[in-house]
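# Working through the structure, step by step
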Amino acid sequence: MDDEFPIFTPQGPAESFLEDLQEELEQEKRSAKAGTATNLAVILPGGREVYPNWFGARGQMLILQGFDEKQRDCRVLVAYSAVTIVLTKVPATEPRAARPIGFQSRREATPKAE
């Protein structure tokens, strides 16, 4: 008797986490009131804040690229289970309100150089 096995693409837990986060952000955009935007902050262990404009994943690691609370460019590699994501509604006139957030595609391992 031949057993059929499901065919699936191996995916790490951090990639699943990013898919869920992307869905949550899309839902936040759809529910946003006129004149507001959603701000996303990542709280790292120790309390440091990062404001990512690009997310990637590999295995259990998140790769965050953006800036920190002192406006310094940064790239952070951290376990997906060690971060807290904070979404806040802000007036659309604030500088961070228009900040686009990108996500790694399944084929892209690192962000493209600008």
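Notes on the structure in this doc start here. (Residues numbered from 1 in each chain as written. Predicted model: local features only at pLDDT ≥ 70, side-chain atom pairs only at ≥ 80, totals over all residues. Heavy atoms only, no water.)

Tallying each qualifying case throughout the model produces two aromatic pairs. Ring centres of Tyr51 and Phe67 lie 5.5 Å apart, and the angle between their planes is 25°; this geometry places the pair in the stacked category. Placement of Tyr51 in strand 2 (residues 49-58) and of Phe67 in strand 3 (residues 61-68) is noted, with a sequence separation of 16 residues between them. Summarising the burial analysis for this pair, Tyr51 and Phe67 share the class buried. (Phe/Tyr/Trp six-rings, centres within 6.5 Å; stacked < 30°, edge-to-face > 60°. Helix = DSSP H or I, 4+ residues; strand = E, 2+ residues; numbered from the N terminus. Buried < 20%, exposed > 50% of the residue type's maximum accessible area, 1.4 Å probe, protein only.)

Here we take up the pattern of salt bridges. Tallying each qualifying case throughout the model produces three salt bridges. Here the residues in one salt-bridge network are Arg48, Asp68 and Arg72, joined through shared partners. (Salt bridge = Lys/Arg side-chain N within 4 Å of Asp/Glu carboxyl O.)

Okay, the environment of Ala41 next. Within the secondary structure, Ala41 is located in strand 1 (residues 36-43). With 45 residues separating them in the primary sequence, Ala41 and Val86 have C-alpha atoms 5.2 Å apart. For Ala41, the residues in contact, after removing those within four places along its chain, are Val50, Tyr51, Thr84, Ile85 and Val86. (Contact = heavy atoms within 4.5 Å.)

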